[in-house]
Amino acid sequence: MPARVAVLGAGFIGARHLKNLATMPDVAIAGVADVDAARAHEQAAHYGTTGYGDWRVLLERERPDAAYLCLPPCAHGEPEEALIAAGMPFFTEKPLGTTPDLPERIAAQVQARGLLTSAGYHWRYLDTVDRAREIVQATPPRLAMGYWFDYVPPPAWWLRRERSGGQVVEQTTHIFDLVRHLLGEPQRVFAAACPARLAQHPEADIDAAASATLQYPSGAIAVISSTCVVHYPCRIGLWLYAEDLVVECREFSLRVERPQGTETSEPTVDPFLAEDRAFIHALRTGDRSAIRVPYAEALRTHRLVMRVVEAAQS
Ligand SMILES: NC(=O)c1ccc[n+]([C@@H]2O[C@H](COP(=O)([O-])OP(=O)(O)OC[C@H]3O[C@@H](n4cnc5c(N)ncnc54)[C@H](O)[C@@H]3O)[C@@H](O)[C@H]2O)c1
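Positions within a chain are numbered from 1, following the residues in the order the chain's sequence is written. This being a predicted model, a pLDDT of at least 70 is required before a residue's local features are given, and a value of 80 or more before pairs of side-chain atoms are given or counted; all residues contribute to the totals for chains, interfaces and linings. Remark: hydrogens and water are excluded; side-chain values derive from all non-hydrogen atoms of the structure.

A. Structural detail: the site of the ligand. Any residue with a heavy atom positioned within 4 Å of a molecule or strand is treated as near that molecule or strand. Asp34, Arg39, Lys94, Trp157 and Glu170 are the nearest of the 24 residues found near the ligand. Whenever a nitrogen or oxygen atom comes within 3.5 Å of another N or O atom, the pair is scored as a polar contact, on the condition that within protein one atom can donate a hydrogen and the other can accept it, and that pairs from neighbouring residues in sequence are kept only if both atoms are in side chains. The backbone of Val35 places a nitrogen or oxygen atom 3.3 Å from a nitrogen atom of the ligand. Surface accessibility follows the Shrake-Rupley procedure with a 1.4 Å probe radius. Residue values consider only the protein chains on display as shielding. Burial of the ligand by the protein chains amounts to 85% of its free accessible area of 840 Å². For this classification, the nonpolar set comprises Ala, Val, Leu, Ile, Met, Phe, Trp, Tyr, Cys and Pro, the charged set comprises Asp, Glu, Lys and Arg, and every other residue, Gly included, is treated as polar. A per-class count over the shell around the ligand returns 13 nonpolar, five polar and six charged. Shared between two domains, the shell around the ligand holds at least three residues of each, these being domain 1 (3-121 + 271-293) and domain 2 (123-269 + 303-313). All domain edges in this entry derive from an automatic or database-based domain assignment.

Structure (structure tokens):
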């Protein structure tokens, strides 16, 4: 029997996971839910399943084996708690929420139930990131510079701090996750944010830019900066500097410069498909070893991001 998987949230990333899940012979889509019922129906019709305007009705009627949470950051909480109460494994998109407390509470419940979870920090599945990790483990960086310099994405919720958490929480979290994966946990966190209004988005109350400086027990420093004022994704990734070494780690490329020469490569895996395969494999077999970011690990990244937000505010 295929695993019956429901998708909650039929927007951009929900559609991407649905597309992946539909390619898997051992998965049946057990319904799609979205508060925008027309969106849910449209995606559901595409995959020959039922659309719902309320995820609670979907869970009650379909009783799926697992669920994907592809919701705006502010919509987390009640769905996770319902899934945990039902003992239902879930994949959640990042970020885990917009505040420090809610993900802590959910993580405790996940742990108490021993529930299978996975979080959408898809960069972790890039083979170029595996390679970057090998390199920096052999030659520890003294400085890392991370960037998320991008335009304002389309969803209206993104511009409101209460709904998205702001750019650091919603987007740059990928870079904070990557720097944790490559350099470990920082000892000290400093941050500042630029609260200037976005001229083209008068409804926005998020910061226009932010920068965090992290210091590691070794003394190494990482500076992670964000802005959404530019008109295209002009700089997104992590640059690492060690003795006679520069590593430029981006989503679609890895560049390693040494005095002897430069090596460039591109990922050979689709990281979204890889994370979906890992979750479905674990769901079907009980073998969780391919899941690189379960909820508890995503929580550690969320904690770091919350430290940055806190530091910028204070
Ligand atoms: N891993 C990645 O690279 C990546 C990429 C894009 C988005 N995301 C994350 O995925 C999440 C969704 O982003 P998106 O771009 O798909 O947004 P989106 O706005 O396109 O889609 C979200 C959908 O959720 C629906 N929704 C809102 N509240 C709901 C609720 N309570 N119940 C059911 N549906 C609800 C909305 O109507 C919308 O259709 C965000 O947290 C975002 O950070 C991750």
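B. Main features of the packing of aromatic side chains. We call Phe, Tyr and Trp rings a pair once their centres come within 6.5 Å, taking the six-membered ring for Trp, and we label the pair stacked below 30 degrees between planes, edge-to-face above 60, and tilted otherwise. Under the criterion given, the structure shown has seven aromatic pairs. On the numbers, 6.4 Å between centres and 45 degrees between planes, the contact of Trp123 with Trp148 is tilted. Separated by 25 residues along the polypeptide, Trp123 in the loop between strand S6 (117-119) and helix H6 (127-138) and Trp148 in strand S7 (residues 143-149) bring together distant segments of the chain. Pair check on accessibility: Trp123 and Trp148 agree, each one buried. Here the aromatic residues Tyr68, Phe91 and Phe279 are joined through ring pairs into a cluster of three or more. In DSSP terms, a helix is any run of H or I states spanning at least four residues, a strand is any run of E spanning at least two, and both are numbered starting from the N terminus. Under the scheme applied here, a residue whose accessible area is under 20% of the maximum for its type counts as buried, over 50% as exposed, and between as partly exposed, the area being computed with a 1.4 Å probe on protein chains only.

C. Summary view of the sheet that holds strand S8 (residues 188-194). The strand order across the open sheet formed by eight strands is S8-S9-S10-S7-S11-S12-S13-S14, and the pairing between neighbours is mixed. The open sheet has two edge strands with one neighbour each: S8 and strand S14 (261-265). In this sheet, adjacent strand axes meet at a mean angle of 10 degrees when their direction is disregarded. Relative to S8, helix H11 (residues 295-313) is tilted by about 60 degrees, and along the sheet it contacts S8 and strand S9 (209-215). For two strands to count as paired, DSSP must find a minimum of two bridges between them. An axis is simply a line fitted to the C-alpha atoms; with a helix, the fit covers only the stretch in contact. Between two such axes, the angle follows the N-to-C directions and lies from 0 to 180 degrees. A contact between two residues is defined here by any heavy atoms of the two lying within 4.5 Å.

D. How the structure looks around the layout of surface pockets. The space that makes up the second largest pocket amounts to roughly 380 Å³. Only protein atoms enter the 1 Å grid used here. Points where a 1.4 Å probe fits but cannot escape make up a cavity, open sets with protein on both sides within 12 Å along at least five of seven lines make up a pocket, and a residue lines them when an atom lies within 4 Å of a point. Forming the walls of the second largest pocket are 24 residues, and the residues nearest its centre are Arg161, Gly165, Asp207, Val309 and Gln313. Taken together, the elements giving at least two residues each to the lining of the second largest pocket come down to helix H7 (161-164), helix H8 (167-170), S8, S9 and H11. At five residues, the largest contribution of residues to the lining of the second largest pocket is made by H11. Looking at side-chain class alone, the lining of the second largest pocket contains 13 nonpolar, eight polar and three charged residues. Counting the residues that make up the lining of the second largest pocket, at least three belong to each of domain 1 (3-121 + 271-293) and domain 2 (123-269 + 303-313). Grid points are joined across faces, edges and corners, and a volume is the space filled by probe spheres set on the points.

E. Broad picture of the pairing of S7. Extensive coverage of S7 is indicated by the burial of five of its seven residues. Relative to strand S10 (residues 221-227), S7 is paired through seven bridges, and the arrangement is parallel. Residue Ala144 lies in a different strand from S10, and its bridge partner there is Ala222. Relative to strand S11 (residues 235-242), S7 is paired through seven bridges, and the arrangement is antiparallel. Of the residues in S11, the one forming a bridge with Tyr147 is Gly237.

F. Geometry of the pattern of salt bridges. Note on definitions: salt bridges are taken to be side-chain nitrogens of Lys or Arg within 4 Å of carboxyl oxygens of Asp or Glu. Overall, the coordinates contain 22 salt bridges when judged by the stated rule. Put simply, Arg4 and Glu62 hold a salt bridge, and the shortest N to O gap is 3.2 Å. In this pair, Arg4 sits in strand S1 (residues 3-8) while Glu62 sits in helix H3 (residues 55-62), placing the two residues 58 residues apart along the sequence. Of the residues examined, Glu62 reaches a relative accessible area of 18% and is grouped as buried. Sharing partners across several salt bridges, the network here consists of Arg124, Asp177, Arg180, Glu185, Glu297 and Arg300.

G. Just the domain arrangement of the protein chain, in detail. Taken domain by domain, the protein chain comprises domain 1 (3-121 + 271-293) and domain 2 (123-269 + 303-313). Centre-to-centre, using C-alpha coordinates, domain 1 lies 26 Å away from domain 2. We define buried area as the total accessible area lost by two parts upon association, computed with a 1.4 Å probe and summed across both. A buried area of about 1,700 Å², summed over both sides, lies between domain 1 and domain 2, and 59% of it is on carbon and sulfur atoms. It is Tyr121, Pro271 and Arg292 that lose the most area in domain 1 upon contact with domain 2, and together they represent 39% of the buried surface on that side. Counting across the interface, domain 1 meets domain 2 through three salt bridges. Inspection of the region where domain 1 meets domain 2 yields nine residue pairs in polar contact (both at pLDDT 80 or more). It is helix H10 (residues 271-285) that contributes the most residues to the side of domain 1 that touches domain 2, five residues altogether. Across the side of domain 1 that touches domain 2, the residue classes break down as 13 nonpolar, five polar and four charged.

H. Quick look at the packing of H3 against helix H4 (residues 78-85). At their nearest, the axes of H3 and H4 sit 11 Å apart, and the two run at 15 degrees to each other. Of the possible angle classes, the one that applies to H3 and H4 is roughly parallel. The chirality of how H3 crosses H4 is right-handed. Contact with H3, carried on its side by Trp55, Arg56 and Leu59, involves Glu78, Pro79, Ala82 and Leu83 of H4 and no other residues of that element. Taken together, the residues that form the contact of H3 with H4 break down as five nonpolar, no polar and two charged. By definition in this entry, angles of less than 35 degrees are roughly parallel, angles greater than 145 are roughly antiparallel, angles of 65 to 115 are roughly perpendicular, and the rest are oblique. Take the far helix as the reference: if the near one is turned anticlockwise from it by less than a right angle, the crossing is left-handed, and if turned clockwise, right-handed.

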